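Results of the structural survey
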Amino acid sequence: MPTDSNDTILKVTDLTISFKAYGGMVQAVRGVSFDLKRGETVAIVGESGSGKSVTIKAIMGILPGNAVIEGGAIDYHGTDLTKLNEEGFHEIRGKRIGLIFQDPLSALNPIMKIGKQITEVLHLTKKLSTADAKTQAIELMRSVGIPEPERRFNQYPFQFSGGMRQRIVIAIALAGDPEILICDEPTTALDVTVQAKILDLINQIKKERNLSVIFIMHDLGVVANMAQRVNVMYAGKILESGTAEDVFFRPAHPYTWALLSSIPDMQTKEKLLAIPGTPPNMIHPPKGDAFAVRNKYALKLDFEREPPPIRISDTHWAATWLLHPKAPKVDMPEILRHRINRMTGGVV
Amino acid sequence: MLLTLFLVMSLSFWIIRLMPKSIFENPEVSPEIQRLLEAEMHLDKPMVVQYYYFLKGIVLHGDFGTSVKVRPGMDVFRIISTRIPPTVMLNVLALLVSMPLGFILGTIAALRRNKPTDVVMSFLIVLFISIPSFVFASALQYFLTFKIPIFPTLYDSTALTLGAKLNSLVLPITALALGPIATIARYLRGELIETLSSEYLLLARTKGLTRAQATVRHALRNSLVPIANTIIPMITGIIGGSLVVERMYSIPGMGGQLVDSILAGDHFLTVALLIFYSAISLITILIVDVSYGIIDPRIRIGGRQ
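Criteria and cut-off values
Residues numbered from 1 in each chain as written. Chains lettered and ligands numbered in written order. Predicted model: local features only at pLDDT ≥ 70, side-chain atom pairs only at ≥ 80, totals over all residues. Heavy atoms only, no water. Helix = DSSP H or I, 4+ residues; strand = E, 2+ residues; numbered from the N terminus. Rg over C-alpha atoms; globule rule 2.2 N^0.38 Å. Buried < 20%, exposed > 50% of the residue type's maximum accessible area, 1.4 Å probe, protein only. Contact = heavy atoms within 4.5 Å. Areas by Shrake-Rupley, 256 points an atom, 1.4 Å probe, with all protein chains shown as cover. Lys, Arg positive; Asp, Glu negative; His and termini not counted. Charge placed at Lys NZ, Arg CZ, Asp CG, Glu CD. Phe/Tyr/Trp six-rings, centres within 6.5 Å; stacked < 30°, edge-to-face > 60°. Lys NZ or Arg CZ within 6 Å of the ring centre and 35° of its normal. Buried area = accessible area lost by both parts, 1.4 Å probe. Salt bridge = Lys/Arg side-chain N within 4 Å of Asp/Glu carboxyl O. Polar contact = N/O pair within 3.5 Å; in protein donor to acceptor, adjacent residues only side chain to side chain. Nonpolar A, V, L, I, M, F, W, Y, C, P; charged D, E, K, R; others polar. Core = buried A, V, L, I, M, F, W, Y, C linked by side-chain atoms within 4.5 Å. pLDDT = per-residue confidence, 0-100. Pairing = 2+ DSSP bridges. Axes fitted to C-alpha atoms, helices over the stretch in contact; angles between N-to-C directions. Patch = residues over 30% accessible without salt bridge, like charges linked within 9 Å, V, L, I, M, F, W, Y side chains within 5 Å.

Here the focus is the overall build of chain A. When you go through chain A residue by residue, the secondary structure sums to 13 helices and twelve strands. In terms of overall size, chain A behaves like a compact globule, its C-alpha atoms giving a radius of gyration of 21 Å where 348 residues would be expected to give roughly 20 Å. Relative to its 348 residues, chain A shows a buried fraction of 55%. Across chain A, every contact between residues at least 6 apart in sequence was considered, and the portion connecting residues at least 24 apart equals 66%. Only carbon and sulfur atoms are counted for the fraction: they give 54% of the accessible area of chain A, which is about 15300 Å². Charge centroids of chain A, computed over 41 positive and 38 negative side chains, lie 2 Å from each other.

Applying the stated criterion across every chain yields a total of 15 aromatic pairs over all chains. Taking the centre distance of 5.2 Å and the plane angle of 80° together, the rings of A:Tyr234 and A:Phe291 count as edge-to-face. Pair noted here: A:Tyr234 is in strand β9 (residues 229-234) and A:Phe291 is in the loop between α11 (254-261) and α12 (300-304), with a separation of 57 residues, a long-range link. Each ring, one from B:Tyr142 and one from B:Phe143, has its centre 5.0 Å from the other, and the planes form 80°; the classification is edge-to-face. Each member of the aromatic cluster is reached from another via a ring pair, and the members are B:Phe13, B:Trp14, B:Tyr51 and B:Phe54. The side chain of A:Arg152 reaches across the aromatic face of A:Phe160, ending 4.4 Å from its centre. The cationic tip of B:Arg186 hangs over the ring face of B:Tyr187; the distance from NZ or CZ to the ring centre is 5.9 Å.

Our focus in this paragraph is the interface of chain B and chain A. Listed as interface residues are 23 residues of chain B and, on the opposing side, 29 residues of chain A. If you sort the residues of chain B by the area they bury against chain A, B:Leu203, B:Thr206 and B:Lys207 come out on top, with a joint share of 28%. The interface formed by chain B and chain A includes three salt bridges. With a closest N to O distance of 3.4 Å, A:Glu120 and B:Arg217 form a salt bridge. The interface formed by chain B and chain A includes nine residue pairs in polar contact (both at pLDDT 80 or more). The class makeup of the residues in the side of chain B that touches chain A is seven nonpolar, seven polar and nine charged.

This part covers the nonpolar core. Core analysis: the biggest nonpolar cluster contains 109 residues, and A:Leu10, A:Ile59, A:Ile118, A:Ile214, A:Phe215 and A:Val230 have the highest contact counts within it. Beyond its immediate chain neighbours, meaning those up to four positions away, A:Phe215 contacts A:Thr41, A:Val42, A:Ala43, A:Ile44, A:Cys183, A:Pro186, A:Leu199, A:Ile202, A:Val222, A:Val223 and A:Met226. Counting 63 residues, the second-largest nonpolar core is a separate cluster that includes B:Phe13, B:Leu55, B:Ile79 and B:Ile238.

This structure, assessed with the given rule, holds 23 salt bridges over all chains. For the salt bridge of A:Glu334 with A:Arg337, the shortest nitrogen-to-oxygen distance reads 2.3 Å. Pair noted here: A:Glu334 and A:Arg337 are both in helix α13 (residues 334-344), with a separation of three residues, about one helical turn. Counted as one network, the salt bridges with shared partners bring together A:Glu86, A:Arg93 and B:Arg205.

All right, on to the confidence of the model for chain B then. Scored by pLDDT, chain B has a mean of 83; 94% of the residues are at 70 or more. Mean pLDDT per element in chain B: helix α12 (residues 297-304) of chain B is the minimum at 74, and helix α5 (residues 116-130) of chain B is the maximum at 91.

Glancing now at the sheet that holds strand β1 (residues 8-21) of chain A. Residue and element names in this part refer to chain A. Taken together, the four strands give an open sheet; going across it, the order is β2-β1-β4-β5, and neighbouring strands pair in antiparallel fashion. Looking at strand neighbours, the two that pair on one side only are β2 (24-37) and β5 (79-80), the edges of this open sheet. Contacts from helix α1 (residues 52-60) reach β1, β2 and β4 (67-76) within the one sheet, and its direction differs from that of β1 by about 110°.

Attention now moves to the environment of A:Phe160. Residues and elements named next belong to chain A. Residue placement: Phe160 occurs in the loop between α6 (149-152) and α7 (162-175). Once the C-alpha coordinates of Phe160 and Leu105 are considered, the two residues, 55 residues apart in sequence, prove to be 9.3 Å apart. With residues near it in sequence (within four places) discarded, Phe160 still touches Ile114, Ile146, Arg152, Gln155, Arg165 and Ile168.

Where like charges cluster on the molecular surface, the positive patch consists of A:Lys113, A:Lys116, B:Arg221 and B:Arg300. Among the structural elements, B:Arg221 can be located in helix α9 (residues 211-248).

Below is the structure:
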């Protein structure tokens, strides 16, 4: 695992979260750890239901009422966010950590003017006067690429397109000058062409404001262009973690292989590989490696004992028995090897 | 709206007038005089002709006819005009009391969902919705004027100060408002619970708003649009309840007059009162319709495009 350093601003350690449900406790997050350094983008990728969103909701303190943080810590400047009460979070949310939602269509209050939804944050976090707040809100709207912000200021969300609404959501997240920006699948609900623009915008404001970004995404292709470090999450656990290069060019976990093999690209002629099966029931998570049943490379050991994180390099680790010195030598799927060779020119 | 009013006028005319029993059936009046009076009011002509005179009188002269039994010889419109203010005052006050209280209680129930407060409130809400207002009226009269005399038993129309007048109205207003309070609280609770779990409320909280701030600023107004729908039947409910409640507290309003006129067979007065009641309901419905646009900009601006 990456070593601790001084510019780490958020450190999640062994976070465990369960939900009370009728059938028992759903173990949504089972010991997740990662660091966020200043000015860095960390991505968490995984299928739906892998626990990505639950992790960030815990960081924001907006877990639903039936969720229980069973263990672990979220260290933010010496404060453990898992132990923080509602009042404490009022100082964190908006002011320190901003959140961009997945669906901008439902994230804005439909009957409140756009301008007011932004100035509300400014009043709250900076105690600005009405006139100052308006000036600053219009400035923010311009900086996220809203044309004619003065006119748009007095309009309602239904008069905006999806991409424009996402820009407004970004403006709202930035209004309190946070140092961490969490993006929860910020482009999933948008058209592909709009996606690219929103991603550019996120990269641009990140540079301008020296933000640290936690980027939640199920689309590995998007992550490649956004993140410096990538965590692959499955069934509530991080299975592989490393720099973007580590994960994309030297993937070690069969789940990462499977994810990468299922991405279409321009050159691949072969049939894309789908991952068979569905994620496990998290009320009774499987004993060994949670991915073993869907994994054609699974060893007998995978069904019995959970693999520990095994170090590959200073920045790269994966939780799979395949990396164990005594494991049989297994190669990644052909389609993936070809693709990586093509992209790196066979250097790596 | 005028069409509705016209239909109400026609319907009430036909239904009331097709009731058997002559208006002037009175053993003390001789048959000749009865016939003369009937001729003067066109009652000897066929119903269709009477209907024509009835419509013509209202449209051209604002003439709703003359009372024959309740206040013999008096113009119906004049009787009603003295009766409108107490009725309107009672109904409007009941509405003004029930809306804010309903909102507050509904919000509390939604925020304390499934906690003891909510359970107790839900129980009371069902109780108050199902019990009609006249039962409350007599219960309140019994307990708060007879057992513990806090309020006057009857409406004091001769009271000189507004305070004394309102004091004597407290019980009838309470009786009328309990049901609507419960109705609003119930619907608002349901709506708010849904709104509170919406994405934009989550966003409001990630902005750094407290739960209460987010509820008041973002959730409440969004929940009002569907609530406005329930206000229309509620208003007619209040008006219907006030018919009886006015009587019980001897408030000299339209309700008591309507009951009297029906019992006495004073058809002109009955029909006119029905028309005025419909007019009041129609006006409130109009106000509710207009308020949609005020609450929800999507209706206001969307309609313009």
